[in-house]
Amino acid sequence: MKNQGANMDIIKRILNSKFKPLKRGADFNAPCHWCGISLAPNNYNLDHVIPRTKCKTRKEMVNIDNLVVSCKSCNSLKSSKKAEDFEVILNANKEVENV
């Protein structure tokens, strides 16, 4: 799993804003955790690394370490897949694009 430490500040700011989109500005600088594209303040989601449907406890589900910033496309594609399974799909798609 990728290191999400670089995005922890962004995650905390999103949580503190009660999930309202962050204001446009130079201070929003977060790449998608999954595909790495630069995110705009209106094109991000908080994604659960361990899907909510697979969390064993509520505490595990709401743990900030289980959240990453992702683009809407990756969040939608990942759906309720495990992180490891989704990364396999992403890597396979990258290999197809490079052929």
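See the structure above.
What you are looking at is a predicted structure, and each value in this text was computed from that prediction instead of being measured.

(A) Broad picture of the overall build of the protein. When its secondary structure is counted, the protein shows 4 helices and 2 strands. Starting at the N terminus and ending at the C terminus, the protein contains elements arranged as α-β-α-β-α-α. By sequence separation, contacts in the protein at least 24 residues apart represent 61% of the contacts at least 6 residues apart. For the protein, the exposed surface amounts to about 6,600 Å²; the carbon and sulfur share of it is 52%.

(B) Representation of the pairing of strand 2 (residues 67-70). Along strand 2, one buried face is formed by Leu67 and Val69 and the opposite face, lined by Val68 and Ser70, is buried too. Here strand 1 (residues 45-48) pairs with strand 2 via 4 bridges, running antiparallel. Looking across to strand 2, one finds that Asn45 is bridged to Ser70.

(C) How the structure looks around the state of the cysteines. If you walk through the whole model with that rule in mind, you get 0 disulfides. Free of any disulfide, Cys32 has its nearest neighbouring cysteine sulfur in Cys35, separated by 3.7 Å. The class for Cys32 is buried, based on a relative accessible area of 3%. Between Cys74, a cysteine without a disulfide, and Cys71, which holds the nearest cysteine sulfur, the sulfur-to-sulfur distance is 3.6 Å.

(D) Geometry of the nonpolar core. By size, the foremost hydrophobic cluster in this structure holds 17 residues, and its most contacted members are Cys32, Trp34, Leu39, Val69 and Cys74. At the level of elements, helix 1 (8-16), strand 2 and helix 4 (83-97) are the ones that each hand at least two residues to this core. Dropping the residues within four chain positions of it, Cys32 is found in contact with Ile37, Leu39, Val69, Ser70, Cys71 and Cys74.

The rules behind these values
- Residues numbered from 1 in each chain as written.
- Predicted model: local features only at pLDDT ≥ 70, side-chain atom pairs only at ≥ 80, totals over all residues.
- Heavy atoms only, no water.
- Helix = DSSP H or I, 4+ residues; strand = E, 2+ residues; numbered from the N terminus.
- Contact = heavy atoms within 4.5 Å.
- Areas by Shrake-Rupley, 256 points an atom, 1.4 Å probe, with all protein chains shown as cover.
- Buried < 20%, exposed > 50% of the residue type's maximum accessible area, 1.4 Å probe, protein only.
- Pairing = 2+ DSSP bridges.
- Disulfide = S-S within 2.5 Å.
- Core = buried A, V, L, I, M, F, W, Y, C linked by side-chain atoms within 4.5 Å.

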